[in-house]
Amino acid sequence: MQVLKFGGSSVAHSDSIKRICSLLEKKPKGKYAIVVSALGNITDQLIQCGQLASERNNVYKNIIEKIKIRHFHIIRELFPIYYQSNLISWIKKNINDLESLCNGIFQVKELSKRTLDKIMSFGELFSSFLIAKKLKKSGLNAIFKDSRDLIITDSKFGCAKVDFIKSNHHILQFFRKEKSEYVVLPGFIGSNFQNQTTTLGRGGSDYTAAILASAISASLLEIWTDVSGMMTANPKMVHQAFPIKEISYEEAMELSHFGAKVIYPPTIKPAMKKNIPIKIKNTFYPIDPGTLIHISNKKTKNRQPVTGISGIQNLALLTLKIRLIICISMYSKRLFKVLSREKINVIFITQNSSENFITTGIHEMDIIKAKKVINSEFSQEIYQKYIDPLKIEYDLCIIALVGYNMKNIHGPSGKMFSSLGKNRIKVRAISQGPTEKNISAVIQKKDFKKALNTLHETFFEKNPKQINLFICRVGKVENKLLEKIDQKKNYFLEKLKLKMRIIGLSNNIQRIYFDNKNGIHLSPCKSNFMNKKGLKMKIYSLMEKKWKFNLRNSLFLDNTAIEKITGSSDYNHYQKLKTISSYLLKYPFLFKTNVGVYIPVISTINDLINIGDKIKKIDVIFLNSEKIKNISMSNHYDYFQN
Ligand code: ASP
């Protein structure tokens, strides 16, 4: 038996539901449990109804009307006329129940978690009921089964805990008796011991499918969604991300814990326990292979060290500094106990070796609660100055490299931190679990996208490397340079493995300026230069843009006259700049100049000095002595010596 789950976007419209039917028709004969989400967006709208009603806002009625019309529309598009009226009355009856619930909330001005669960359950109930009917109408032997009869939970409304012993018993009993080949069930919902409706947490339909698969020891669990599998990174952040073909349960758990949205994190455990492979597939591109999540492959030699990169934005670090260590384990224990009591999810933990700092990373939204409970838990010790009041750092995020094979290979962490460092991404804290499946780093929120792209490039993109160019002052010579970059695009790509992208150009004479985060097309840009179009700017605007865009592998080419001062004015000035660049900024300071018929004089002289030659004298013929009379020869002599 197989379990298939279809997410909200896969059941959002009549077309997508038809797609599911044809997909199921093509499946080999056998028994299938089909778990479905609510039509895309319906759960959000149901929550909105409850909230508006509790605020005595009548708009909830309009939303209920919209929900009703959307389902009627689906019925009209999926079923022949003679079949529609029964389904429409079924929806109407349930919509009336939903409306009565919301009217009640409107009267009492209060929305309890229990009532919200009941309200949310309508979404999955509607979709699964209609899909079961559609499958039946298409000639498949399908029935609808309410998951609330099978999945028994505690009474933690909003995110109920499953009673596996009871649920497994009910599920097994039901499927043993049921003869239909296709059983369609609503995801996300269950019921408590008092038969009240509960939900399994947002995105919980995946979990429903995994609970069923595990109870009946299914041969496969398929999660059908709107992407072609688990990706190497979030494709919204990293355009070059691609689907991962195979991944172990543990890696998938790590990636989903660290923000990979494709699967609801608790889903993996029940499947893993029974060794049931999970396949993530794209409903809209079913021929795409998708991702197979299964038992870790022992033959890891040929596998990539890193399987995926993930991250969570909006992180805060909480640091507890213990001045007097009386009993450290008690401090840690108490800290984690209060956080867990308040249901604050701890994403990251690190502790220094002398054990007087404990740092934890939590979601920014939990800061106020965490600060209050931690300071109150340790109020006595803070008062006695054994402990400092909680230190909170904001505007952070966490990025994680995940890979089963990292432990067998030297260097992933070195590579990770050196590529972050090269791109000037400051690492605030680091953590690596003992299993070495995950190396995570806390960095500044503003660097999130840049870090993901940098790491993706380092670990997944063999070639080419993206270079982002900012060119300040495009004059005659630089125009030629632009032409060359354009002409030699393929050469850079094939021979040097560099993908040149011009992000910003400026012309400081006309103060014309063009920038585009995704790269500039040169020809329209050049005509803009010629026609003197573009924005007026200050001389430093392009540099400011470079900082603001915060792109990896950025190069800034300064062609302004000021740039010449760097290497040709006062020697102290030159030395100061060199120190700033190499010691403070850690940027290489490179330059080149030619004399005569393009003789590369600097590198030639440097080579000579490097093999022990000494400069005794420099002869210069000035062609325009007026302009350069301020440059002293002794400066230049020192310049080469250094
Ligand atoms: N419909 C629920 C939600 O939107 C559950 C799910 O789709 O998995 O969270």
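(A) Highlighting the sheet that holds strand 15 (residues 427-432). With respect to topology, six strands assemble into an open sheet ordered 12-13-11-14-16-15, the strand pairing being antiparallel. Across the chains shown, the open sheet's two edge strands, defined by having one partner strand only, are strand 12 (346-351) and strand 15. Within the sheet, the average angular offset between the axes of one strand and its neighbour, ignoring direction, is 30°. Pairing of strand 11 (residues 308-321) with strand 14 (residues 391-402), which is carried by nine bridges, proceeds in the antiparallel orientation. Residue pairing across strands places glycine 311 opposite isoleucine 399, the latter belonging to strand 14.

(B) The site of the ligand, seen in detail. Taken together, Ser37, Thr43, Glu124, Phe188, Arg202, Gly203, Gly204 and Ser205 are the residues near the ligand. Arginine 202 places a polar side-chain atom, nitrogen or oxygen, 2.6 Å from an oxygen atom of the ligand. Burial of the ligand by the protein amounts to 85% of the accessible area it has alone, namely 260 Å². In terms of residue class, the shell around the ligand is made up of one nonpolar, five polar and two charged.

(C) Representation of the side chain of glutamate 381 within the structure. Mapping glutamate 381 onto the fold places it in helix 12 (residues 379-383). Classification of glutamate 381 as buried rests on a relative accessible area of 11%. Once residues lying within four places of it in the same chain are set aside, the contact partners of glutamate 381 are Tyr331, Arg334, Tyr386 and Ile387.

(D) Spotlight on unusual backbone geometry. At phenylalanine 188, a position not held by glycine, the phi torsion is positive, near 80°. With respect to the secondary-structure elements, phenylalanine 188 resides in the loop between strand 4 (182-186) and strand 5 (189-191). Classification of phenylalanine 188 as buried rests on a relative accessible area of 2%. Its identity as a non-glycine residue notwithstanding, serine 217 has a phi of 50°, on the positive side. For serine 217, a relative accessible area of 45% corresponds to the partly exposed category.

(E) Summary view of the sheet that holds strand 9 (residues 278-282). Strand order in the open sheet formed by eight strands is 3-4-2-1-7-9-10-8, and the pairing between neighbours is mixed. In this open sheet, the two edge strands, each paired with only one partner strand, are strand 3 (142-144) and strand 8 (246-248). Recorded for the sheet is a direction-independent mean angle of 20° between the axes of neighbouring strands. Pairing between strand 1 (residues 2-6) and strand 7 (residues 220-225): five bridges, direction parallel. What sits directly across from glutamine 2, in strand 7, is leucine 220. The strands touched by helix 7 (residues 205-215) within the sheet are strand 1, strand 2 (32-36), strand 4 and strand 7, with strand 1 carrying the most contacts at an inclination of about 175°. Strand contacts of helix 8 (residues 249-257): strand 8, strand 9 and strand 10 (291-294), with the helix running at about 90° to strand 8, the strand carrying the most contacts.

(F) Representation of helix 14 (residues 448-460) within the structure. Between its first and last C-alpha atoms helix 14 spans 18 Å; for 13 residues at 1.5 Å apiece the expected length is 18 Å, and the two agree. Summarising burial for helix 14: eleven of the 13 residues are buried, a large majority. Turning to helix 14, its buried residues are Phe448, Lys450, Ala451, Leu452, Asn453, Thr454, Leu455, His456, Glu457, Phe459 and Phe460. Buried residues along helix 14 sit in contact with strand 11, strand 14, helix 13 (412-422), strand 16 (438-444) and strand 17 (465-472).

(G) Fine view of the pattern of salt bridges. The tally for this structure, following the rule as stated, stands at 20 salt bridges. Here glutamate 377 makes a salt bridge to arginine 334, at a shortest N to O gap of 2.8 Å. You can see glutamate 377 sitting in helix 11 (residues 367-377) and its partner arginine 334 sitting in helix 10 (residues 328-341), a full 43 residues away along the chain. Here glutamate 377 falls in the partly exposed class, since its relative accessible area comes to 27%. Bridged by salt links that share partners, the residues Arg334, Glu377 and Glu381 form one connected network.

(H) Broad picture of the nonpolar core. Within the largest apolar cluster, 48 residues are counted, with the highest numbers of intra-cluster contacts made by Ile34 and Leu135. Contributing elements (two or more residues each) for this core: strand 1, helix 1 (14-25), strand 2, helix 2 (42-54), helix 3 (59-78), helix 4 (81-108), helix 5 (113-137) and strand 4. With near-sequence residues (within four places) excluded, isoleucine 34 lies in contact with Leu4, Phe6, Leu24, Leu135, Tyr182, Val183, Val184 and Leu185. By size, the runner-up hydrophobic cluster in this structure holds 39 residues, among which are Phe174, Val183, Ile216 and Ile263.

(I) Representation of the pairing of strand 9 within the structure. Burial analysis of strand 9 places four of its five residues in the buried class, the great majority of the element. Relative to strand 9, strand 7 runs parallel, the two being bridged by five bridges. By the bridge assignment for strand 9, glutamate 222 is matched with lysine 279. The pairing of strand 9 with strand 10 spans three bridges and is antiparallel. Among the inter-strand pairings, isoleucine 278 is bridged to a residue of strand 10, identified as isoleucine 293.

(J) Local environment of the packing of aromatic side chains. Using the criterion set out here, one finds 16 aromatic pairs in the structure. For the pair tyrosine 331 and phenylalanine 378, a centre-to-centre distance of 6.0 Å together with 45° between the ring planes defines the contact as tilted. With tyrosine 331 in helix 10 and phenylalanine 378 in the loop between helix 11 and helix 12, the pair connects residues that are 47 residues apart, well separated along the chain. Taking the relative accessible area as the measure of exposure, phenylalanine 378 reaches 0% and is therefore buried. Grouping aromatic residues by their ring pairs yields a cluster made of Trp90, Phe122, Phe126, Phe129 and Phe144.

(K) Representation of helix 8. Those residues of helix 8 that fall on the buried side of the exposure criterion are Tyr249, Glu251, Ala252, Leu255 and Ser256. Along the axis of helix 8, the buried residues cluster in a sector spanning 160°; they form a single face. Taken together, the buried residues of helix 8 touch strand 8, helix 9 (268-273), strand 9, strand 10, strand 11 and strand 14. Glycine 259 occupies a position one or two residues after helix 8 and carries a positive phi of about 100°.

Conventions used here
- Per chain, residues are indexed from 1 in the order of the written sequence.
- Where local features are concerned, this predicted model is filtered to residues with pLDDT of at least 70; where side-chain atom pairs are given and counted, the filter is 80 or more; whole-chain, interface and lining totals use all residues.
- With hydrogens and water set aside, each side-chain value is computed from the structure's full complement of heavy atoms.
- Strand pairing requires that DSSP identify at least two bridges connecting the strands.
- In this text, helices come from DSSP runs of H or I with a minimum length of four residues, and strands from runs of E with a minimum of two, each type numbered from the N-terminal end.
- Under this scheme, a helix contributes an axis fitted over its contacting stretch, all axes are lines through C-alpha atoms, and angles between N-to-C directions fall in the 0 to 180 degree range.
- For each residue, the test is whether any non-hydrogen atom lies within 4 Å of the molecule or strand; if one does, the residue is near.
- Polar contacts, as counted here, are pairs of nitrogen or oxygen atoms within 3.5 Å of one another; within protein the pair requires one atom able to donate a hydrogen and one able to accept it, and residues that are adjacent in sequence qualify only if both atoms are side-chain atoms.
- What sets the accessible areas is the Shrake-Rupley method with a 1.4 Å probe; for residues, cover comes only from the shown protein chains.
- Amino acid classes used here: Ala, Val, Leu, Ile, Met, Phe, Trp, Tyr, Cys and Pro are nonpolar; Asp, Glu, Lys and Arg are charged; the rest, including Gly, are polar.
- Using a 1.4 Å probe on the protein chains alone, a residue whose accessible area is under 20% of its type maximum counts as buried, one over 50% counts as exposed, and one in between counts as partly exposed.
- Two residues qualify as a contact provided that any one of their heavy atoms is within 4.5 Å of a heavy atom in the partner residue.
- Multiplying 1.5 Å by the helix residue count minus one yields the expected span of that helix.
- Any carboxyl oxygen of Asp or Glu within 4 Å of a side-chain nitrogen of Lys or Arg constitutes a salt bridge here.
- By nonpolar core is meant a set of buried Ala, Val, Leu, Ile, Met, Phe, Trp, Tyr and Cys residues that side-chain atoms within 4.5 Å join together.
- Here a pair means two rings of Phe, Tyr or Trp (six-membered ring of Trp) with centres within 6.5 Å. Their orientation is stacked below 30 degrees between planes, edge-to-face above 60, and tilted elsewhere.
- The arc refers to the directions leading from the helix axis to the C-beta atoms.

Purely geometric numbers; function is a separate question.
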